[in-house]
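# Residue-level structural notes
Spelled out, the chains give:
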Amino acid sequence: MDHENRSDKRRSLIYYLKVTDIENDVLLGHLCDLTVGGMKLIGETAVQKGETFTIKINVPERLHRDENITLEAECRWSQRDLNPRFYASGFLFHNVDDLSVYKIKRVIDELTFVD
């Protein structure tokens, strides 16, 4: 599925959450859109299309006490953002368990703009 054909409506976050590559402990970017199936990041470097990461979404403690969301995420596209200093990258989640779905929905419910 590419970003033109997603099944879930993107939800924009009130503020960006940090997303890191667990294996390299590197900041991939900041989460700006989220669904239970994927996410959009804004970061300082481009992400290689097709690359898969084990990521950690840093969730504020007020939502989940010391519990972050760990997922497998595949980069489906990456391009310069409107601000040319940054890149926007779209990711598809793989093998999402029920607890992660619950946490993602909670982030969406509590940290996204209301339509």
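Note: the structure precedes this text.
So, a few notes on the structure that sits alongside this text. As the structure is a prediction and not an experimental result, all values here were calculated from the model. (Residues numbered from 1 in each chain as written. Predicted model: local features only at pLDDT ≥ 70, side-chain atom pairs only at ≥ 80, totals over all residues. Heavy atoms only, no water.)

## Considerations on the overall build of the protein
The number of helices and strands found in the protein is one helix and six strands. In the protein, the succession of helices and strands from N to C terminus is β-β-β-β-β-β-α. Considering the protein as a whole, with its 115 residues, one finds that 41% of them fall into the buried category. A sequence separation of at least 24 residues applies to 57% of the contacts in the protein between residues at least 6 apart. Accessible surface computed for the protein: about 6900 Å², of which carbon and sulfur atoms make up 46%. (Helix = DSSP H or I, 4+ residues; strand = E, 2+ residues; numbered from the N terminus. Buried < 20%, exposed > 50% of the residue type's maximum accessible area, 1.4 Å probe, protein only. Contact = heavy atoms within 4.5 Å. Areas by Shrake-Rupley, 256 points an atom, 1.4 Å probe, with all protein chains shown as cover.)

## Section: the pairing of strand β3 (residues 38–43)
Working note: regular strand, side chains alternate between the two faces of the sheet. With six of its six residues buried, β3 lies for the most part within the structure. With burial as the criterion, each face of β3 is covered, one bearing Gly38, Lys40 and Ile42 and the other bearing Met39, Leu41 and Gly43. Relative to β3, strand β2 (residues 26–34) runs antiparallel, the two being bridged by four bridges. Within β3, the residue paired with aspartate 33 across the bridge is lysine 40. Linking two consecutive strands that pair antiparallel, namely β2 and β3, is a turn of three residues. By the bridge criterion, six bridges tie β3 to strand β6 (residues 87–94) in an arrangement that is antiparallel. Within the sheet, the bridge partner assigned to methionine 39 lies in β6 and is phenylalanine 91. (Pairing = 2+ DSSP bridges.)

## Some thoughts on the nonpolar core
Residues Leu31, Leu34, Met39, Ile55, Ile57, Phe91 and Phe93 are the most contacted members of the largest nonpolar core, which totals 21 residues. If you list the elements that add at least two residues to this core, you get β1 (11–21), β2, β3, β4 (52–57), β5 (69–80), β6 and α1 (98–111). The dominant element in this core, judged by the number of residues it contributes, is β5, at four residues. Other than its neighbours up to four places away in sequence, isoleucine 57 contacts Leu17, Lys18, Val19, Leu31, Met39, Asn68, Ile69, Leu71 and Phe93. Counting five residues, the second largest nonpolar core, distinct from the first, contains Cys32, Trp77, Phe86 and Ala88. (Core = buried A, V, L, I, M, F, W, Y, C linked by side-chain atoms within 4.5 Å.)

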